[in-house]
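# Results of the structural survey
Here's the letter readout for the chains.
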Amino acid sequence: MENPKEAKLELFLQWLQVNRVELRGCNIKYCDSKKGFGIFSSDETSSSDGILLVVPLDLAITPMRVLQDPTLGPECSKMLEEGEVDDRFMLILFLTVERLRKNSSWKPYLDMLPTAFGNPLWFTDYEISELKGTTLYRATELQKKKLQDLYEHKVRSLVQKLLILEGDSESEVCFEDFLWANSIFWTRALNIPLPRSLVFPHVQEAQESTSSSSSEVSPCHIATEELVNGVDGKMVNGVERRSAGVTSTSLQGETVWVEGLVPGIDFCNHDLKPIATWEVDEMGSITGVPFSMYLISAEQSRHQIEREISISYGNKGNEELLYLYGFVIDNNPDDYLMVHYPAEVIQNIPFSESKIQLLEAQKSEMRCLLPRSLLDHGFFPKCPPPKESNDKCTSSQVCNYSWSGQRKTPSYVNNLVFPEDFLTSLRTIAMREDELYRVSSLLEELVDTGGERQPSDSEVRAAIWEACGDSGAFQLLVDLLNMKITELEEGSGIEERDTKLLEKVHHPEIQEEFSSTKAIDSVQHEFLSRNKRAIIIYRRGQKQLAHAFLKEAEHALQLALSEGN
């Protein structure tokens, strides 16, 4: 009997061939239960151009593709114009409908996609409880509630409406269908650079027929906002999706960035050392296929046969990897710790109104991300940074310490690992009454008698440092980091406990400890155990970073006090 995975793969490969996808130097194969399907080099990887896979972009699932659907397109266009949906929501709705749609033309592709995920939205209540004390615990609870509310009040009725348009009044949508579509989008969507003529074809035609140089907004409503905090789809070359590793031959100003799924390319898995990247060939001058996306080797030498072809989803910490993709990397070099001062607490501190005004004047940041890499430039680096980088740091930070010259530049300035924007916020919050009056006095010196000139944000920052120094900010930072550690350890114990659990997780006899139910089959058991291991790696990393940054903050505080800062 043919293996079900092999049968699905065979149908998918035929579907790719019908849709003019070219596997030039690779094969798609099943990896394992952790990764699912992946792309591997084949014995045909001998072409000198290094191109492994070519996908025509008219196969991509984008907002334009949804609007072109003969049945769903008109209704989706109407919903867009009325503001009922945006581009992302429309794609997620489309995926939900296609999962339920009888005889969907996308079925061979959709059948290849995972049916469950390792991100926290799919965790059991027990697994979610294991995240207590971490940023993801609260984020997961809020997001799950938001998605459930969205499903109940909007998605269910819209999907049923679209299914009826398709002539299907029998299929019933459930929350898991919507959750699946949401996870498919966030784990597989790419930010694709497309030529404007492909995104707005009717605008292009109108311009050509009237020879007009003016441009109008298209009813396609393509989303152009940037994604916040890096929570986006897969990235290219580990930097920003819009630049590194992406080549578009459009003329400057004629490229539109559109989110979408590209069948074939999206089976590439992540690696810290990727061996390929994707690029866009508009004219067909590179691949021979106009308006295509292609996978190209990042290595000069020929790939070993059957080697997995990996790309980079970006320099992401485990918090983001787990939240979006459902996996983590042990000892992730891109891991980070988020520290924030609760905005609601400011209302209860002394002189809150004056301090809030100063915070607004400085455009202050109330939270910051502390990447692990910052520790390499701190007081206790494992590998001391090159002297050149220290010199650059000196020149960039000394300029922040200029006012009347009464307060000297700290000796420790080159080893501070904490962002100046965040420290400025903490200085403001920690100000005593006498320091607040001195700041007001310094700023009054800058304001014209007529009151027309207002101090700039940099001048406000300089005045606050002149009046306050660093010790108050460092003490507040020490308190915040201690609170972070307390929350983490109250939720799941100390770091050493997590390390012992990770050592034990490899032993089959204690696998039951990592399951939330007693009677489950081996496949689900493995899935739950993998979730628990990812949770432990993530939260242990958070504890390690919190302790490391606390050590940095405590040392900075000691130096600030000793120098009168």
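Our structure's up above, just so we're on the same page.
First, a word on scope: everything that follows refers to the structure included in this document. In this text the structure is predicted, and so the values were computed from the model without any measurement. (Residues numbered from 1 in each chain as written. Predicted model: local features only at pLDDT ≥ 70, side-chain atom pairs only at ≥ 80, totals over all residues. Heavy atoms only, no water.)

Our focus in this paragraph is the overall build of the protein chain. Of regular secondary structure, the protein chain possesses 20 helices and twelve strands. Looking at the protein chain as a whole, 50% of its 565 residues are labelled buried. When contacts within the protein chain are restricted to residue pairs at least 6 apart in sequence, those whose partners lie at least 24 apart make up 75%. (Helix = DSSP H or I, 4+ residues; strand = E, 2+ residues; numbered from the N terminus. Buried < 20%, exposed > 50% of the residue type's maximum accessible area, 1.4 Å probe, protein only. Contact = heavy atoms within 4.5 Å.)

Our next topic: the packing of aromatic side chains. Taken as a whole, this structure holds 18 aromatic pairs when the rule is applied. Taking the centre distance of 6.4 Å and the plane angle of 25° together, the rings of Y151 and F178 count as stacked. Taken together, the residues Y151 in helix α7 (residues 135–165) and F178 in helix α8 (residues 175–188) connect sequence positions 27 residues apart. Here F418 and F549 contribute two aromatic rings whose centre-to-centre distance is 6.0 Å and whose plane-to-plane angle is 55°, an arrangement assigned as tilted. Here F549 lies in helix α20 (residues 522–562) and F418 lies in the loop between α14 (387–398) and α15 (420–430), a separation of 131 residues in the sequence. Of the residues examined, F418 reaches a relative accessible area of 6% and is grouped as buried. A network of ring pairs unites the aromatic residues F12, W15, F94, W106, Y109 and F267 as a single cluster. (Phe/Tyr/Trp six-rings, centres within 6.5 Å; stacked < 30°, edge-to-face > 60°.)

The backbone phi angle of R20 is positive, close to 65°, even though this residue is not glycine. Under the relative-accessibility criterion, R20 is labelled partly exposed at 45%. Positive phi, close to 55°, is recorded for N331, a residue that is not glycine. Assignment of secondary structure puts N331 in the loop between α11 (318–324) and β11 (336–340).

One finds Y109 and L295 to be the most contacted residues of the largest nonpolar core, which totals 83 residues. When residues of this core are assigned to their parent elements, the largest contribution, nine residues, is made by helix α4 (residues 87–100). Each residue touching L295, except ones within four places of it in the same chain, is listed here: I39, G50, I51, L52, L53, I265, C268, A276, T277, W278, I309 and I311. Core analysis: the next-biggest nonpolar cluster, separate from the first, contains 36 residues, L337, I349, C368 and L550 among them. (Core = buried A, V, L, I, M, F, W, Y, C linked by side-chain atoms within 4.5 Å.)

A few words now on the pattern of salt bridges. The tally for this structure, following the rule as stated, stands at 26 salt bridges. Note that E166 is salt-bridged to R101, the shortest N-O span being 2.7 Å. You can see E166 sitting in the loop between α7 and α8 and its partner R101 sitting in the loop between α4 and α5 (107–110), a full 65 residues away along the chain. The class of R101 is buried, set by a relative accessible area of 13%. In this structure, D421 and R461 form a salt bridge, with 2.5 Å as the shortest nitrogen-oxygen distance. (Salt bridge = Lys/Arg side-chain N within 4 Å of Asp/Glu carboxyl O.)

α8 packs onto α4 with a crossing angle of 125° between their chain directions and a minimal axis gap of 8 Å. In terms of axis orientation, α4 runs oblique to α8. In the packing of α4 onto α8, the handedness of the crossing is right-handed. Along its contact with α4, which presents R88, F89, L91, I92, L95, T96, R99 and L100, the element α8 presents E176, D177, F178, W180, A181, N182, I184, F185 and W186. In terms of residue class, the contact of α4 with α8 is built from eleven nonpolar, two polar and four charged. (Axes fitted to C-alpha atoms, helices over the stretch in contact; angles between N-to-C directions. Parallel < 35°, antiparallel > 145°, perpendicular 65-115°, else oblique. Left-handed = near helix turned anticlockwise from the far one by under 90°. Nonpolar A, V, L, I, M, F, W, Y, C, P; charged D, E, K, R; others polar.)

Right, let's talk about the side chain of E279 for a bit. Locating E279 in the fold gives a position in strand β8 (residues 276–281). Of the side chains with opposite charge, R24 lies nearest to the buried E279, which makes no salt bridge, at 12 Å. A distance of 2.8 Å separates a polar atom in the side chain of E279 from a polar atom in the side chain of Y294. (Lys, Arg positive; Asp, Glu negative; His and termini not counted. Polar contact = N/O pair within 3.5 Å; in protein donor to acceptor, adjacent residues only side chain to side chain.)

In spatial order, the strands read β1-β4-β9-β8; together these four strands make up an open sheet with antiparallel pairing. Every other strand in the sheet has two partners, leaving β1 (22–23) and β8 as the edge strands with one partner each. As defined by bridge partners, β8 adjoins strand β9 (residues 292–297) across six bridges and the pair is classed as antiparallel. Considered in β9, the bridge of E279 is made with Y294. (Pairing = 2+ DSSP bridges.)

A few words on the pairing of strand β4 (residues 51–56). Of all six residues in β4, six are buried; the element is thus mostly enclosed. As judged from the two bridges shared by β1 and β4, these two strands associate in the antiparallel manner. If you follow L23 over to β4, its bridge partner there is L53. Across five bridges, the pairing between β4 and β9 is antiparallel. Considered in β9, the bridge of L53 is made with L295.

The next subject is the environment of G493. Topologically, G493 is positioned in the loop between α18 (471–492) and α19 (495–504). Relative accessible area serves as the criterion here: at 19%, G493 is assigned to the buried category. In this structure the C-alpha to C-alpha distance between G493 and K543, which are 50 residues apart in sequence, comes to 9.8 Å. Those residues within four positions of G493 in sequence are excluded, and the remaining contacts are L488 and K543.

Attention now goes to the environment of K35. Looking at the element boundaries, K35 is found in the loop between β2 (26–32) and β3 (36–41). The exposure class assigned to K35 is partly exposed, which follows from its relative accessible area of 39%. C-alpha of K35 to C-alpha of C268: the two residues are 233 residues apart in sequence and 9.8 Å apart in space. In terms of polar contacts, K35 uses its side chain to reach the side chain of E308, at 2.9 Å.

Moving on to α15. The buried fraction of α15 is high, at eight of eleven residues. F422, L423, T424, S425, L426, R427, T428 and I429 are the residues of α15 that are buried.

This part takes up the pairing of β2. Judged from the six bridges that link them, β2 and β3 form a sheet pairing that is antiparallel. Of the residues in β3, the one forming a bridge with C26 is S41. Here β2 folds back onto β3, and the loop between the two strands holds three residues.

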